[in-house]
Amino acid sequence: MAPQKAPLAEYKKKRHFEKTPEPKPKIKKSTTKKPTFVIQKHAASHLHYDLRLEIGGVMPSWAVPKGIPTDPADRRLAMMTEDHPIDYASFEGTIPKGQYGGGTVMIWDYGTYENLRNVSMQDALNHGKIEVFFEGKKIKGAYALIHTGKGDQEKRWLILKMKHEPEGRKKQFKVNEKSAKTGRTMKQISFEEDEGDE
Ligand code: MN
């Protein structure tokens, strides 16, 4: 994969920070001991979910149209998007219409993750094979992200729930469509944010 020239340059280029409430493109380490992840539900022109993993001071990101699978038989497309700042993991709100990604963003799930491979996360990312264990508020389990796309399809990855969880780590979990952070629905988030603006 072609490395990004400057971290967050693409993130910055796509946004007008005087018009969007999204976090500014700052590079920093999170304050937690374990690296963090977030899954955001995003009602942009097409509803999708965004998975972001903290790696090296930024959050490499994938748009997952159908959301995170909970069945190992269900492999889902994950399209790599631009790296996001760490601060994005706590962003829930509404991006104004007409701005990049305009629409409501919910923190669908968040937490920390553990690298299950014997290589660094940066190497796993560069080589297109990531295996992590998510300790989220909803999702608790082992997942793989596999880079499958070549040429003009190079942003294509697959996300799948791994069949074999690490020893003693198998957990049952349930998902729902409310914010893992605030308990709000998409409707409540967009309504409350609109009220705040006017
Ligand atoms: Mn998105």
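Note that the coordinates shown come from a computational prediction; the quantities given were computed from them, not determined experimentally. Position labels on residues start from 1 in each chain and follow its written sequence. The predicted nature of this model means local features are confined to residues of pLDDT at least 70 and side-chain atom pairs, given and counted, to a pLDDT of 80 or more, with totals for whole chains, interfaces and linings taken over all residues. Excluding hydrogens and water, the side-chain values take into account all heavy atoms of the structure.

J.: Account for the overall build of the chain, naming residues and giving values.
T.: If you tally the helices and strands in the chain, you get three helices and nine strands. Helices and strands appear in the chain in the N-to-C order α-β-β-β-β-β-β-α-β-β-β-α. Put simply, the radius of gyration uses C-alpha atoms, and a globule should come to 2.2 Å times the residue count raised to 0.38. For 198 residues, the compact-globule formula gives about 16 Å, and the C-alpha radius of gyration of the chain, at 16 Å, lands near that figure. Each principal axis of the C-alpha distribution contributes one length, and for the chain these read about 50 × 40 × 35 Å. Burial classes follow relative accessibility: with a 1.4 Å probe on protein chains only, a residue under 20% of its type's maximum area counts as buried, one over 50% as exposed, and anything between as partly exposed. Scored against the burial criterion, the 198 residues of the chain give a buried share of 45%. Method for areas: the Shrake-Rupley scheme with a 1.4 Å probe, in which residue coverage is limited to the protein chains shown. Accessible surface for the chain amounts to roughly 10,900 Å². Of this, 51% is attributable to carbon and sulfur atoms. Every helix listed is a DSSP run of H or I at least four residues long, and every strand listed is a run of E at least two residues long, numbered separately from the N terminus.

J.: Report on the environment of Asn118, specifying residues and quantitative values.
T.: When you line up the elements, Asn118 lands in the loop between β6 (103–115) and α2 (121–126). Between the C-alpha atom of Asn118 and that of Glu131, which follows or precedes it by 13 residues, the distance is 9.8 Å.

J.: Run through the coordination of the manganese ion, naming residues and quoting values.
T.: Coordination shells were defined by N, O and S atoms within 2.8 Å of each metal, extended to 3.2 Å for Na, K and Ca; water is absent from the atom set, which can make sites look incomplete. Only His42 (ND1), His48 (NE2) and Asp50 (OD) from the protein coordinate the manganese ion, and they sit 2.1 to 2.3 Å from it. Between consecutive donor residues of the manganese ion, the sequence gaps follow H-x5-H-x1-D. In this structure His48 comes out as buried when scored by relative accessible area, which is 14%.

J.: Go over the pattern of salt bridges, please, and point to the residues and values.
T.: Salt bridges are defined by distance alone: a side-chain nitrogen of Lys or Arg within 4 Å of a carboxyl oxygen of Asp or Glu. Throughout the structure, instances matching the rule amount to 15 salt bridges. Among the ionic pairs, Arg15 bridges to Glu82, the shortest N-O distance being 3.0 Å. Within this pair, whereas Arg15 is found in the loop between α1 (9–13) and β1 (36–43), its partner Glu82 is found in strand β4 (residues 76–85), the two being separated by 67 residues in sequence. Between Lys171 and Glu135 there is a salt bridge, and its shortest N-O distance comes to 2.9 Å. With a gap of 36 residues between them, Lys171 in the loop between β9 (156–161) and α3 (186–197) and Glu135 in strand β7 (residues 129–136) connect regions that are remote in the sequence.

J.: Explain the side chain of His48 to me, and be specific about the residues and the numbers.
T.: Inspection of the secondary structure puts His48 in strand β2 (residues 47–53). Here a polar contact means two N or O atoms within 3.5 Å. Within protein one must be a hydrogen donor candidate and the other an acceptor candidate, and residues neighboring in sequence count only if both atoms are side-chain atoms. A polar contact is formed between the side chain of His48 and the backbone oxygen of His46, at a distance of 2.8 Å. The contact definition used throughout considers only heavy atoms, calling two residues in contact when any of these lie within 4.5 Å. Other than its neighbours up to four places away in sequence, His48 contacts Gln40, Lys41, His42, Ala63, Val64 and Pro65.

J.: Outline the packing of aromatic side chains, listing residues and values.
T.: Between 30 and 60 degrees the pair is tilted, below 30 it is stacked and above 60 it is edge-to-face, where a pair is any two Phe, Tyr or Trp rings, Trp via its six-membered ring, whose centres lie within 6.5 Å. With the rule as written, the count across this model stands at seven aromatic pairs. Ring centres 6.0 Å apart and planes at 90 degrees place the aromatic pair Tyr11 and Tyr88 in the edge-to-face group. Residue Tyr11 is located in helix α1, and its partner Tyr88 is located in the loop between β4 and β5 (93–95); the two are separated by 77 residues in the primary sequence. Across this residue pair, the class does not change: Tyr11 and Tyr88 are buried. On the basis of an interplanar angle of 40 degrees and a centroid distance of 4.4 Å, the ring pair of Phe37 and Phe134 is categorised as tilted. Linking Phe37 in strand β1 with Phe134 in strand β7, this pair joins segments that are 97 residues apart in sequence. Here Phe37 falls in the buried class, since its relative accessible area comes to 1%.

J.: Requested: an account of the nonpolar core, with residues and values cited.
T.: Taken as a class, soluble globular proteins show a tendency for nonpolar side chains to be buried jointly. Within the largest apolar cluster, 28 residues are counted, with the highest numbers of intra-cluster contacts made by Leu51, Leu53, Trp62, Ile130, Phe134 and Leu145. Those residues in contact with Leu51 that lie beyond four places of it in its chain are Phe37, Val38, Ile39, Pro60, Ser61, Trp62, Val64, Ile68, Phe134, Leu145 and Ile159. Throughout this description, the term nonpolar core refers to a set of buried Ala, Val, Leu, Ile, Met, Phe, Trp, Tyr and Cys residues connected via side-chain atoms within 4.5 Å. Counting residues in hydrophobic clusters, the runner-up holds eight residues, among them Leu8, Phe17, Tyr88 and Val105.

J.: Outline the pairing of β9, supporting the account with residue identities and numerical values.
T.: Sheet topology places β4 next to β9; four bridges connect them, and they run antiparallel. Each bridged residue has a counterpart across the sheet, and for Ala78 the counterpart in β9 is Trp157. Of the pairings in the sheet, the one linking strand β8 (residues 140–147) to β9 comprises five bridges and is antiparallel in character. Looking across to β9, one finds that Ile146 is bridged to Leu158. Here, any two strands with at least 2 DSSP bridges between them count as paired.

J.: Quick one: what's the story with the pairing of β7, residue by residue and with numbers?
T.: Burial within β7 is extensive, with six of its eight residues counted as buried. Bridge count between β6 and β7: five bridges; the pairing is antiparallel. Paired with Tyr113 across the two strands is Phe134, which belongs to β7.

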